[in-house]
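So the chains spell out like this:
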Amino acid sequence: MRLSELLNTSAVSLRLKARAKREVLVEMVDLLEAAHKFRSQGEILDRVMRREAMMTTGIGNGVAIPHGKARSADRMAAAVGVCTEGLDFESEDGQLVHLVVLLVSPESATSQHVKVLANISRL
């Protein structure tokens, strides 16, 4: 599955407002839920935050791929945000993040979730 198949134009923000990691995650989840019409009542944000607490999703080269699996997600979906100034995402390489790609999947989509993450990281 391609990233373009998981996005729509409403799920892209070229100017993220938040300047801290937690606030960016909140902004990105809000963007994803609005664009894809998910009503998770906080579940997606909780799952993304839990995953981030285990290990940073700042993969280096100015990119972060926060992600999570949630019961309230009936399909895989993504949102993309750009922060031109860069933000500290505790990335592996210590560099600021400029591109954030948020991925959410149904709980049952384990292997597909991993494949899409790998495809995004290769991009």
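Check the entry above for the structure.
Summarised in this report is the structure supplied together with it. On a predicted model such as this, the values are computed, not experimentally measured, just so you know. (Residues numbered from 1 in each chain as written. Predicted model: local features only at pLDDT ≥ 70, side-chain atom pairs only at ≥ 80, totals over all residues. Heavy atoms only, no water.)

**Side note on the side chain of threonine 57**
With respect to the helices and strands, the residue threonine 57 is situated in the loop between α3 (43–54) and β2 (58–60). Assessed through its relative accessible area of 3%, threonine 57 is described here as buried. If sequence neighbours within four positions are ignored, threonine 57 has contacts with Arg51, Glu52, Val63, Ala64, Ile65, Pro66, His67 and Phe89. (Helix = DSSP H or I, 4+ residues; strand = E, 2+ residues; numbered from the N terminus. Buried < 20%, exposed > 50% of the residue type's maximum accessible area, 1.4 Å probe, protein only. Contact = heavy atoms within 4.5 Å.)

**Some points on the pattern of salt bridges**
Side chains bearing opposite charge may pair, as long as their charged atoms lie close to each other. This model, assessed by the stated rule, comprises seven salt bridges. Of the charged contacts in the structure, one is a salt bridge between lysine 21 and glutamate 52, with a shortest N-O distance of 2.9 Å. Of this pair, lysine 21 sits in helix α2 (residues 21–36) while glutamate 52 sits in helix α3, and the two are 31 residues apart along the sequence. Side by side, lysine 21 and glutamate 52 carry an identical accessibility label, which is buried. Notably, a salt bridge pairs glutamate 90 with lysine 21, separated by 3.1 Å at the nearest N-O pair. Linking glutamate 90 in the loop between β5 (77–87) and β6 (97–106) with lysine 21 in helix α2, this pair joins segments that are 69 residues apart in sequence. Through salt bridges with shared partners, a single ionic network connects Lys21, Glu52 and Glu90. (Salt bridge = Lys/Arg side-chain N within 4 Å of Asp/Glu carboxyl O.)

**Here's the deal with the pairing of β5**
With respect to burial, β5 is a largely interior element, eight of its eleven residues being buried. Relative to β5, strand β1 (residues 12–13) is paired through two bridges, and the arrangement is parallel. The residue of β5 that forms the bridge with valine 12 is valine 80. Bridge count between β5 and β6: seven bridges; the pairing is antiparallel. What sits directly across from valine 80, in β6, is valine 101. (Pairing = 2+ DSSP bridges.)

**Topic: the environment of leucine 123**
The residue leucine 123 is located in the segment after α4 (110–122) in this model. Accessibility expressed as a relative area gives 79% for leucine 123, which makes it exposed. Remark: the alpha-carbon pair of leucine 123 and proline 106, spanning 17 residues in sequence, is separated by 23 Å.

**A few points about α3**
End to end, α3 covers 17 Å across twelve residues, agreeing with the expected 16 Å (1.5 Å per residue, within 8%). Along α3, the residues that are buried comprise Glu43, Ile44, Val48 and Glu52. The elements touched by buried residues of α3 are α2, β4 (67–70) and β6. (Expected span 1.5 Å × (residues − 1).)

**Overview of the nonpolar core**
Counting residues in each nonpolar core, the largest one holds 25 residues, and the members touching the most others are Val24, Met28, Leu32, Ile44 and Val104. Counting residues per element, the ones that place at least two in this core are α2, α3, β5 and β6. The biggest single contributor to this core is α2, with seven residues. Not counting residues within four places of it along the chain, the set of residues in contact with isoleucine 44 comprises Val29, Leu32, Glu33, Phe38, Ala70, Ser72 and Val104. One finds Met76, Val80, Leu103 and Val116 within the second-largest nonpolar core, a separate group that totals eleven residues. (Core = buried A, V, L, I, M, F, W, Y, C linked by side-chain atoms within 4.5 Å.)

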